[in-house]
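# Observations on the three-dimensional arrangement
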Amino acid sequence: MLLIKNIGLLQTSVGTGCARGIAQRENLKLRNAAILIERGKISEITSDGVLPACPRGIAELDAKGLLVTPGLVDSHTHLVFGGWRQHEVQLKLKGASYLEILRAGGGILDTVRKTRAATEEELYNKSLRFLDEMLALGVTSVEAKSGYGLDLETELKQLRVLKALNQDHKVDIVSTFMGAHAVADEYAGNGNAYIDFVCETVLPAVCEQGLASCCDVFCEDSVFNVEQSRKVLNCAKEHGLKLKIHADEIHAIGGAELAGEVGAISAEHLIATEEAGMAALAKAGTVAVLLPQTSFYLAKQYAKAKRMIELGIPVALASDFNPGSCPSLNLQFAVNLGYLGYGLQPEEILTAVTRNAAYAIGLDKSVGTLEKGKQADIVIWDAPDFEMLCYRFGSNQVHSVIKKGEIVV
Ligand code: NIG
Ligand code: FE
């Protein structure tokens, strides 16, 4: 048992499922609150200086009048990869675009070569340190994608690393199979044959071994077109996976519309999405997982987050941590950019990095809000309110992190 007392402000969205439209900015705000935790779950929340009834002598944590929120959920990362790609920055500064670098055999394909060359143990140790860093930054659940193998062996290797990390590390991990991240070198110039290989060989093996609960595809100009993406997603649906799609990151080629058509749980990036794509997402109730750090790092426009909320699309914000388009795993920076780049309200942003993010990765029944019965994944912030987190940037504003009722930071 643990009693967190002297909480200056407890702020959380309330409910299971996602929040959309004006509900995205509805946050419960309790002053002078306390949380009682039993067996890793929240058993009671009180406010206005009232303390929950609990046995004498139980462990207590003094929140010192600070802000308390649910643990953050990073709903889009490419956590497991070999090497880095720092040399690409010089290419970009000389004018090369992200897709030009990829078309020349660099970008994702460069990381594929490094990930194939890395041992399972090397990948495990590297990713474990990333998870330590994320937890220290207030992130208690993470989605992570494969997609730097593009062959059977390495896709499975990446996913096995994630499975082991999920067992060994405090942070909860949801694994996504993303074999359709780029056309493997062996299939250069023959995207259709590569898609057949993904659908007929890799995806069935991933599912047989129970290594993923979601499937993602990079639907983009000169990567996978709508028809190829549809094929992968329909195949994943038959295998019972939740569907995700990298849509309209650089060009709007119909990825958002496809997300609506196949009933994807989320469409991610959506930097270039216009009204028709947004209408499809709103109709299907697909979560827009927006990645403002990628807009920042690729020097692209910011997704139309305010318009999406206005249309009733549930919005989540995530890091997109990867070695190319976003070498940062700091979800607190996504919060800053959600405020300054998207112009969202602090309450909308809190919902976007907790409840809606949890829903986008299928964890909303257990995490993403502070409510009786939910897992006690909690952050105490060195801040009086969430507006402060939106405003200050570059420093880690975490005071402490509680994961499943245990003080871990
Ligand atoms: O979300 N666009 C596809 N995937 C990643 C980038 C991966 C990489 O460049 O290594 C993204 O931006
Ligand atoms: Fe991504």
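For the structure, see preceding data.
As the structure is a prediction and not an experimental result, all values here were calculated from the model. (Residues numbered from 1 in each chain as written. Chains lettered and ligands numbered in written order. Predicted model: local features only at pLDDT ≥ 70, side-chain atom pairs only at ≥ 80, totals over all residues. Heavy atoms only, no water.)

### With respect to the coordination of the iron ion (ligand 2)
Six octahedrally arranged donors around a metal ideally form angles of 90 or 180 degrees; four tetrahedrally arranged donors ideally form angles of 109.5 degrees. Protein coordination at the iron ion (ligand 2) comes from His76 (NE2), His78 (NE2), His246 (NE2) and Asp320 (OD), with a distance range of 2.1 to 2.3 Å. Here the donor residues for the iron ion (ligand 2) map to a single chain with the spacing H-x1-H-x167-H-x73-D. One end of the pair, histidine 246, is in strand S10 (residues 242–247); the other, aspartate 320, is in the loop between strand S13 (315–317) and helix H12 (331–340), with 74 residues separating them in the sequence. Its relative accessible area of 2% is what places histidine 246 among the buried residues. (Donors = N, O, S within 2.8 Å, 3.2 Å for Na, K, Ca; no water. Helix = DSSP H or I, 4+ residues; strand = E, 2+ residues; numbered from the N terminus. Buried < 20%, exposed > 50% of the residue type's maximum accessible area, 1.4 Å probe, protein only.)

### Structural notes on the packing of aromatic side chains
Going through the model one piece at a time under the given rule, you end up with 14 aromatic pairs. Arranged with centres 5.6 Å apart and planes meeting at 65°, the rings of phenylalanine 81 and phenylalanine 321 form a pair that is edge-to-face. In this pair, phenylalanine 81 is assigned in the loop between strand S6 (72–74) and helix H1 (87–93) and phenylalanine 321 in the loop between S13 and H12, connecting sequence segments 240 residues apart. The exposure class of phenylalanine 321 is buried, given its relative accessible area of 1%. (Phe/Tyr/Trp six-rings, centres within 6.5 Å; stacked < 30°, edge-to-face > 60°.)

### Focus: the side chain of lysine 244
With respect to the secondary-structure elements, lysine 244 resides in strand S10. A polar atom in the side chain of lysine 244 sits 3.3 Å from the side chain of glutamate 268. (Polar contact = N/O pair within 3.5 Å; in protein donor to acceptor, adjacent residues only side chain to side chain.)

### Quick word on the site of ligand 1
Not every one of the 15 residues close to ligand 1 is listed here, only the nearest: Tyr98, Tyr148, Glu249, His269 and Ser325. Contact between ligand 1 and histidine 181: a nitrogen atom at 2.8 Å from a side-chain N or O atom of the residue. Considered class by class, the residues forming the shell around ligand 1 number 4 nonpolar, 8 polar and 3 charged. (Near = heavy atom within 4 Å. Nonpolar A, V, L, I, M, F, W, Y, C, P; charged D, E, K, R; others polar.)

### With respect to the environment of aspartate 248
Among the structural elements, aspartate 248 can be located in the loop between S10 and helix H8 (255–262). Sequence-distant contacts of aspartate 248, that is, excluding residues within four places in its chain, are made with Cys219, Glu220, Ile253, Gly254, Gly255, Ala256, Leu270, Ile271, Ala272 and Thr273. Here the side chain of aspartate 248 touches glycine 255 through a polar contact of 3.5 Å, landing on its backbone nitrogen. (Contact = heavy atoms within 4.5 Å.)

### Some words on the sheet that holds strand S11 (residues 266–269)
Taken in spatial order, the 8 strands line up as S6-S7-S8-S9-S10-S11-S12-S13 in an open sheet, and their pairing is parallel. At either end of the open sheet lies a strand with only one pairing partner, and these are S6 and S13. Going across the sheet, the axis of each strand differs from the next one's by a mean of 25°, ignoring polarity. One ladder, built from 3 bridges, connects S6 with strand S7 (residues 139–145); its direction is parallel. From the neighbouring strand, leucine 72 faces S7, where its bridge partner is valine 139. Each of strand S9 (214–219), S10 and S11 touches H8; the most contacted strand, S10, lies at about 170° to it. (Pairing = 2+ DSSP bridges. Axes fitted to C-alpha atoms, helices over the stretch in contact; angles between N-to-C directions.)

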